[in-house]
Amino acid sequence: YITPTSRNILYSHKHKSTISHFQFRFATWKDIVMMVVGSVCALVHGAASPLMLLVYGMMTNTFVDYEREVQELKDPNKTCNNNTIYWVNDTVYETDENTTLYCGVDIEAQMTLFAYYYVGIGFGVLIVSYFQIAFWVTAAAKQTQRIRKTYFRKVMRMEIGWFDCNSVGELNTRISDDINKINSAIADQVSIFIERISTFVFGFMVGFIGGWKLTLVVIAVSPLIGIGAGLMAMAVARLTGRELKAYAKAGAVADEVLSSIRTVAAFGGEEKEAERYDRNLVEAQNWGVKKGTIIGVFQGYLWCIIFLCYGLAFWYGSKLVIDTKEMTAGTLIQVFFGVLMAAMNLGQASPCLEAFASGRAAAKSIFETIDREPEIDCLSEEGHKLDKVKGDIEFHNITFYYPSRPDVKILDNLSMQIRAGETTAFVGPSGSGKSTTVQLIQRFYDPKEGTVTLDGHDIRTLNIQWLRSLIGIVEQEPVLFATTIAENIRFGRPGVTVDDIIQAAKEANAYNFIMELPQKFETMVGEGGGQMSGGQKQRIAIARALIRNPKILLLDMATSALDNESEAVVQEALDNVRTGRTTISIAHRLSTIRNADVIIGFEHGQAVERGTHSELLGKQGVYFTLVTLQSQGQTNTTSGRIHVVCQLLDLDFWSSLRLRSWSQLSNDFVPDALSGSLKIQQNDVEEHVEPAPVARILKYNQQEWPYMLLGSLGAAVNGSVNPIYAILFSQILGTFAIQDLNEQRKQINGICVLFCIVAVASFISQFLQGYSFAKSGELLTRRLRKVGFQAMLKQEIGWFDNPINSPGALTTRLATDASMVQGATGSQIGMIVNSVTSIGVSFIIAFYFSWKLTLVILCFLPLIGLSGVFQAKMLTGFANEDKKAMEEAGQVSSEALANIRTIAGLAKESSFVDSYEQKLELPYKSAKKKANIYGLCFGFAQCVIFLAYAASFRYGGFLVRAEGLQYMFVFRVISAVVISGTALGRASSFTPDYAKAKTAAAQFFKLLDRVPKISISQSDGEIWKNFRGEINFLNCKFTYPTRPDTQVLKGLRVSVKPGQTLAFVGSSGCGKSTSVQLLERFYDPDEGQVVIDGVPSHSVNVPFLRSQIGIVSQEPVLFDCSIAENIQYGDNTRSVSMEEIIEASKKAYLHDFVMTLPDKYETQVGAQGSQLSRGQKQRIAIARAIVRNPKILLLDEATSALDTESEKTVQTALDEARKGRTCIVIAHRLSTIQTADIIAVMSHGAVIEQGTHDKLMAKRGAYYKLVTTGAPIS
């Protein structure tokens, strides 16, 4: 404990001085005074325990003298006279060594005096420890408050480029967690650290004053303890790393499987995956057992050394007392406990160092931000404000890179002018720099080279707040704040009247829909505007832009995310307000651009052409290409408006995907602003789980009962070690009163031998406890993980759609919940058995030796127990309560950071800063109040033990005199009970983990008990011999469980005879893929039926049904294994032979390609098939479907993502595969489906016409239009 760590502490002191001044840099002189006084109090408090030892030593001597006197006076020939023992014949009694003996010890008076000492020390401790804590915590609260305010204000002043490089999530955690870390590093931890170090110093001083020889002997042994502890920490850290690494493999399997759950379900791979997961768990389990064993060995080693140390110290100390008479019995005690206390406190001081280190690390990142000067300071007062603004904007030779991607040139020497009062439209492929120019006008960024001017003034010379107040902006995804509609509009300009708001709402076409809402303008829009539809949000945003009465209006794709109806309304609103303002419109749709005054075409960051609609068509440049692309380029794509939108201006497929994914994502998840609230709701859901009964957890651990039994035995032995120590210790004190020196030596040697025996016993039992519980616990964890994973795979697909059950969340649940449950069984049972035996044995000893004294001490036990609980609570700190209080402020800050662009555009930074600071007041007040409560509790916890000693030793003195109780029994009873009290406290400090484990287990069991809506067991449902593959959809209606408000299928009727090919055509979102998922029984329809061979799908056996279906989807999912294994995955009911694999891959036109690879079929495809091209992945997926030899083949846009060449190959492969099978095709390209037997054109979840290609062409309906124009069907 002593040498190695003390060196560390000195070392870290040296180093701390370099940084600590900057940890306390927000302290005012008041705070500094408080901290200094607090530190002095901590020093005094630290000296209290060693001081108590001096009293303890004197008291021991008194007891020993009294006992001697009693023994001498048993001889009737001796009396006590003038405090010296005389023979009855009045000659002085001399011992063998010719010394006289002192007598007449008034034990009760002495004890009363000692009791006063104790009480005095106790009250002193109460007062100083209160000040020590209260001052430090208050000072810390003040500084933290200051840091929070400064940090948030600074972050809000940063330029947008800085936010691009720092994720919002990270900033939020910094505001909450990192500042909390700083707080814990400058609060109570410092004072506790000072107190412990002071105890360490004074403990040694007491030791050296009492007897330097013994002190040196004890110090000489202590490095053994220090080395043991250090080695153990290292070993545990390494093994934990290994265990985590091993589990990471299994976690990766789980993640892969859960991410591609639809593929797993379609191919019936659930059992196979569970086995694969389990195989990977074995390794993690073995490392866990190793870790537990090693902890057991080291714990055993430490206790063994400690008891051997006791033996050595008492043996050598008794030599010094008896043979050389250098010490009295009291000083022996004082030295021994002084050194022990010093060592203990040094050990306990090290966790504080950890808090300091993490606080310093956190402070570094926080203070770096606070010291950073923003490049564009939005709150600065500098810069001109022009008297009159026309609104001419010019760009002169601008070159620009985003700070987060300095290698990509966005604008390349761009020059253009935008005249006042005109509407200018920007068009061009995505990534050509249109939106970037808008952000430069708002001065979110400054260009690398060149200048942007407003009315001839460089905008860098203008005042930012003023400049931004001239500009109104409406974005593609408008951000609303979580308050009322009126407030949201008021954000546009401070101090507007209600009439202004109504006027703006009318101009934005928003007035009517607002008045229809129950609370009208007082309606809350929800977090991120979540309660409003896209069109409504857009119009509120327009009203917010208009109320500013802006000179410049920027419309960045303001209508692209809307459906046709709302688009028309919003577009109309925009057309009305454009007049007389400089308007810049970026649009992805021609209709919105045609009537602009000037159109500027962008390409590769340059303005390549400008003119009106007709002029540019004549030029046949960028604009011409885009227009023609939009009108004809659609013949091969029929996927909905969104594609049209992109195809208009985006030549590349990916950007359209990107846009599409945006609009879909935004329905489920508005990015970061919302995730906060989602998390919050999630937690509420989880809180109400009833904790699981322990019995049920143990049931899962049944097979390991021999291990549990062994472990409990070990724990029982460990528990009884401490009370046994109390017996031995008091026995040694007793021996000092024996007169016969040889008898005395013999007894002491006997006791030291007993110490050695106890040491060995505790080594063995610690090892037993560690190993057994590790073994049973790891087996349990593995079993739970496997069972949990199987339960997850049994759920229906709809369950996985819920964001709470996202693959990430589920894998975390497998990783943490299972290991937390282990905490409730193994080691927990060990702790409980340990504490119970410790308490039991202590009480038996105590009541046996003196029941009266025991009862007196028992009065203090609840208090000592309470103080143990406080101590435990203190170590975990009061952080959790603070977190609750901080939540409101946290919501403000996260909303502000998530929508920083909008706030900057509205120049509203300062109002958010004010609101944040106002929300901080409450937590700050409660923190100050808490400091006092905390100080009192701490003081109380610290002084209880002194008062307990005072009372019990005083009463003990009375019993010694009045009832002739042996004094060593007094020590024995007191130390036994005090030890059991601390054991109680320790047991109670483990309860939080226990409670956590119980809720974790409850969640786990909730998952295990959940009955899936669609059972995939082998036994449920019908099976029949000759499966033909006739499919009928009868009036199916369906809504996705996660989006209950949009009905996807609205009465779908369509049928396929065996061997026919049915093609679905229609815009995206019309329910084509949904119908396929109903057939696979990923979902069941809400109304209507899917009938297969005359049997309704919901009564068919699911594995049987799925085994008849092969599926190839748009983005095929491959698993991270070899090509052969991926193809074998097609049939998981048997092992597929190599011949079959080759046969299937020949049919899929894959074989030749595979043979060119070095490892042929053993080639690894990489995670998600990343090593292969899309055409290759697609063909593997086709081979996988063919291996099943299915009766029904589902092709979901199987070729849409391929380039022409691979498409041809894949298409041939598909045509080959379709032969003799019922086939359902969903296609994006009409060319791929002209040969189908039935073509069904879908719109809005129903079939609007069906027939063969020729019939439909003759009909001249929707299909005909599609083929000829490529217009979207909506």
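Our subject is the structure that appears above.
Residues numbered from 1 in each chain as written. Predicted model: local features only at pLDDT ≥ 70, side-chain atom pairs only at ≥ 80, totals over all residues. Heavy atoms only, no water.

Brief notes about the nonpolar core
- One finds Met59, Phe63, Tyr118, Phe314, Phe755 and Phe953 to be the most contacted residues of the largest nonpolar core, which totals 104 residues.
- Considering each element in turn, this core owes the most residues, 13 residues, to helix 10 (residues 329-371).
- Ignoring sequence-local partners within four residues, the contact set of Phe755 consists of Phe307, Tyr310, Gly311, Phe314, Tyr725, Leu728 and Ile732.
- Membership of the second largest hydrophobic core comes to 75 residues, among which are Leu281, Val1048, Leu1049 and Cys1121. (Core = buried A, V, L, I, M, F, W, Y, C linked by side-chain atoms within 4.5 Å. Buried < 20%, exposed > 50% of the residue type's maximum accessible area, 1.4 Å probe, protein only. Helix = DSSP H or I, 4+ residues; strand = E, 2+ residues; numbered from the N terminus. Contact = heavy atoms within 4.5 Å.)

Here's the deal with the packing of aromatic side chains
- With the rule as written, the count across this model stands at 43 aromatic pairs.
- A ring pair is formed by Phe193 and Phe356, whose centres lie 5.3 Å apart and whose planes are at 80°; its orientation type is edge-to-face. With Phe193 in helix 6 (residues 188-210) and Phe356 in helix 10, this pair connects stretches of sequence that are 163 residues apart. Assigned by exposure class, Phe193 and Phe356 land together as buried.
- Stacked on the ring of Trp287, the Lys or Arg Lys290 has its end atom at 4.1 Å from the ring centre.
- The residue whose ring lies beneath Arg972 is Phe849, and the NZ or CZ to ring-centre distance is 4.6 Å. (Phe/Tyr/Trp six-rings, centres within 6.5 Å; stacked < 30°, edge-to-face > 60°. Lys NZ or Arg CZ within 6 Å of the ring centre and 35° of its normal.)

Let's talk about the environment of Pro447
- Residue position: Pro447 is located in the loop between helix 11 (434-441) and strand 6 (449-454).
- With residues near it in sequence (within four places) discarded, Pro447 still touches Ile398, Thr399, Phe400, Leu440 and Arg460.

Describing the pairing of strand 1 (residues 78-81)
- Looking at chain direction, strand 1 and strand 2 (residues 84-87) are connected through four bridges and run antiparallel. Bridged to Thr79 within strand 2 is Tyr86.
- From the end of strand 1 to the start of strand 2, which pair antiparallel, there are two residues, and Asn82 there has a positive phi angle of about 50°. (Pairing = 2+ DSSP bridges.)

So, unusual backbone geometry
- Its identity as a non-glycine residue notwithstanding, Asp455 has a phi of 50°, on the positive side.
- Within the secondary structure layout, Asp455 lies in the loop between strand 6 and strand 7 (457-458).
- Accessibility expressed as a relative area gives 24% for Asp455, which makes it partly exposed.
- The phi angle at Asn1035 is positive, at roughly 50°, despite the residue not being glycine.
- Structurally, Asn1035 is set in strand 13 (residues 1031-1039).
- Look at Asn1035 and you get partly exposed, because its relative accessible area is 31%.

Details of the state of the cysteines
- Applying the stated rule across the entire model yields zero disulfides.
- Left without a disulfide partner, Cys752 is nearest to the cysteine sulfur of Cys756, which lies 7.2 Å away. (Disulfide = S-S within 2.5 Å.)

A word on the side chain of Gln766
- If you trace the backbone, Gln766 turns up in helix 26 (residues 741-794).
- Excluding residues that lie within four positions of it along the chain, Gln766 makes contacts with Gly296, Gln299, Gly300, Trp303 and Asn718.

Quick look at a positive patch on the surface
- On the surface, a cluster of positive charge is contributed by Arg238, Arg242, Lys245 and Lys290.
- Take the positive patch: its biggest share by element is three residues, from helix 7 (residues 212-259).
- Residue placement: Lys290 occurs in helix 9 (residues 270-322).
- For Lys290, a relative accessible area of 43% gives the class partly exposed. (Patch = residues over 30% accessible without salt bridge, like charges linked within 9 Å, V, L, I, M, F, W, Y side chains within 5 Å. Areas by Shrake-Rupley, 256 points an atom, 1.4 Å probe, with all protein chains shown as cover. Salt bridge = Lys/Arg side-chain N within 4 Å of Asp/Glu carboxyl O. Lys, Arg positive; Asp, Glu negative; His and termini not counted. Charge placed at Lys NZ, Arg CZ, Asp CG, Glu CD.)

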